[in-house]
Amino acid sequence: MADSSFDVVSDYDYQEVDNAVNQTAKEIGQRYDFKNVGASIELSGESITMVANTPERVLAIWDVLQSKLIRRGLSLKQVDVGDGEPKASGKEYRLGGSLKKGIDQPNAKKITKLIRDEGPKSVKAQIQGDEVRVSSKSRDDLQATIALLKNASFDVALQFVNFR
């Protein structure tokens, strides 16, 4: 019998991110506390820019965006806003975030080390670019490995695809 396997990836649905940003823009356009303050949010490529006239309002826009992302099933680990402090730019404040895709090398090594140390002995993990391939003869061992990874805490959001 051939080995069964699955891939551990860190990915997001761009359309869902776009929908969350559009919903946030709609909400800040309708809320009374954002009237006439120049509040806006924009998604261009892999970056999100939030703008308002005070740092508190920029953080409020970020808070609204977080709730929209969570409601759409997206992880906040996929948006990197640096230190999270709005930067002054002329008379306005800006907060920029970038979308993260793929598992970087240090996190991939942490994942494979966790699987080696705590996972079932028949399971093998190997890094392939920005994803991790996990294989074993036993499908039950693979499901136990998925449960182990779901309970662990990493700096990236994990999804499990290509289970065969």
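Structural data are supplied above this passage.
So, a few notes on the structure that sits alongside this text. (Residues numbered from 1 in each chain as written. Predicted model: local features only at pLDDT ≥ 70, side-chain atom pairs only at ≥ 80, totals over all residues. Heavy atoms only, no water.)

### With respect to the pairing of strand β3 (residues 47-52)
Right, so step 1: Examined bridge by bridge, strand β2 (residues 40-44) and β3 share five bridges and lie antiparallel to one another. Opposite L43, over in β3, you have I48 as the bridge partner.
Right, so step 2: In this antiparallel pair of consecutive strands, β2 and β3, the connection spans two residues, and G45 shows a positive phi of 65°.
Right, so step 3: Bridge analysis of β3 against strand β6 (residues 92-99) gives six bridges, and the strand direction is antiparallel. Counted as the bridge partner of I48 is G97 from β6. (Pairing = 2+ DSSP bridges. Helix = DSSP H or I, 4+ residues; strand = E, 2+ residues; numbered from the N terminus.)

### A few points about the side chain of S135
Right, so step 1: Along the polypeptide, S135 turns up in strand β8 (residues 131-136).
Right, so step 2: Setting aside anything within four residues of it in sequence, one finds S135 in contact with D3, S4, S5, S122, V123, K124 and L142. (Contact = heavy atoms within 4.5 Å.)

### What about the environment of S135?
Right, so step 1: For S135, a relative accessible area of 18% corresponds to the buried category.
Right, so step 2: Note: C-alpha distance between S135 and V123 (12 residues apart in sequence) is 5.8 Å. (Buried < 20%, exposed > 50% of the residue type's maximum accessible area, 1.4 Å probe, protein only.)

### Some remarks on the packing of aromatic side chains
Right, so step 1: Inspection of every chain in the model, using the stated rule, returns two aromatic pairs.
Right, so step 2: On the basis of an interplanar angle of 75° and a centroid distance of 5.9 Å, the ring pair of F6 and F160 is categorised as edge-to-face. Of this pair, F6 sits in strand β1 (residues 4-9) while F160 sits in strand β9 (residues 159-161), placing them 154 residues apart in sequence.
Right, so step 3: Owing to a relative accessible area of 25%, F160 belongs among the partly exposed residues under this scheme.
Right, so step 4: Each ring, one from F6 and one from F163, has its centre 6.1 Å from the other, and the planes form 20°; the classification is stacked. Here F6 is found in strand β1, whereas its partner F163 is found in the segment after β9, with 157 residues between them in sequence.
Right, so step 5: By relative accessible area, F6 is classed as buried at 0%.
Right, so step 6: What makes F163 partly exposed here is its relative accessible area of 33%. (Phe/Tyr/Trp six-rings, centres within 6.5 Å; stacked < 30°, edge-to-face > 60°.)

### Some thoughts on the sheet that holds β9
Right, so step 1: Ordered in space as β7-β8-β1-β9, the four strands form an open sheet in which the pairing is antiparallel. One side of each edge strand has no neighbouring strand; the edge strands of this open sheet are β7 (124-128) and β9. Direction aside, the axes of adjacent strands within the sheet are offset by 25° on average.
Right, so step 2: The sheet contact formed by β1 and β8 spans five bridges and is antiparallel. Among the inter-strand pairings, S4 is bridged to a residue of β8, identified as S136.
Right, so step 3: Helix-sheet contacts for helix α3 (residues 105-118) involve β1, β7 and β8, and the interaxial angle to β7 is about 170°.
Right, so step 4: Sheet strands touched by helix α4 (residues 139-151): β1, β8 and β9. Its angle to β1, the strand with the most contacts, is close to 15°. (Axes fitted to C-alpha atoms, helices over the stretch in contact; angles between N-to-C directions.)

### Comments concerning the nonpolar core
Right, so step 1: If you look at the biggest cluster of nonpolar residues, it comprises 22 residues, and the most contacted ones within it are I41, I48, M50 and L65.
Right, so step 2: The biggest single contributor to this core is helix α2 (residues 55-71), with five residues.
Right, so step 3: If sequence neighbours within four positions are ignored, I41 has contacts with V21, T24, A25, I28, I48, T49, M50, I61 and L65.
Right, so step 4: By size, the runner-up hydrophobic cluster in this structure holds 16 residues, among which are F6, V132, F154 and L158. (Core = buried A, V, L, I, M, F, W, Y, C linked by side-chain atoms within 4.5 Å.)

### Notes on α4
Right, so step 1: Over its 13 residues, α4 runs 19 Å from end to end, which matches the ideal 18 Å to within 8%, given 1.5 Å per residue.
Right, so step 2: Within α4, burial applies to L142, T145, I146 and L149. Taken down its axis, α4 places every buried residue within 100° of arc, on the same side. Opposite the packed face of α4, turned more than 90 degrees from it, sit the exposed residues D140 and N151.
Right, so step 3: Tucked into the core, α4 has its buried residues touching β1, α3, β8 and β9.
Right, so step 4: For α4, the N-terminal capping position is held by S138, with its side-chain oxygen 3.3 Å away from the main-chain nitrogen of D140. (Expected span 1.5 Å × (residues − 1). Arc of directions from axis to C-beta. Polar contact = N/O pair within 3.5 Å; in protein donor to acceptor, adjacent residues only side chain to side chain.)

These figures come from the coordinates and say nothing about function on their own.
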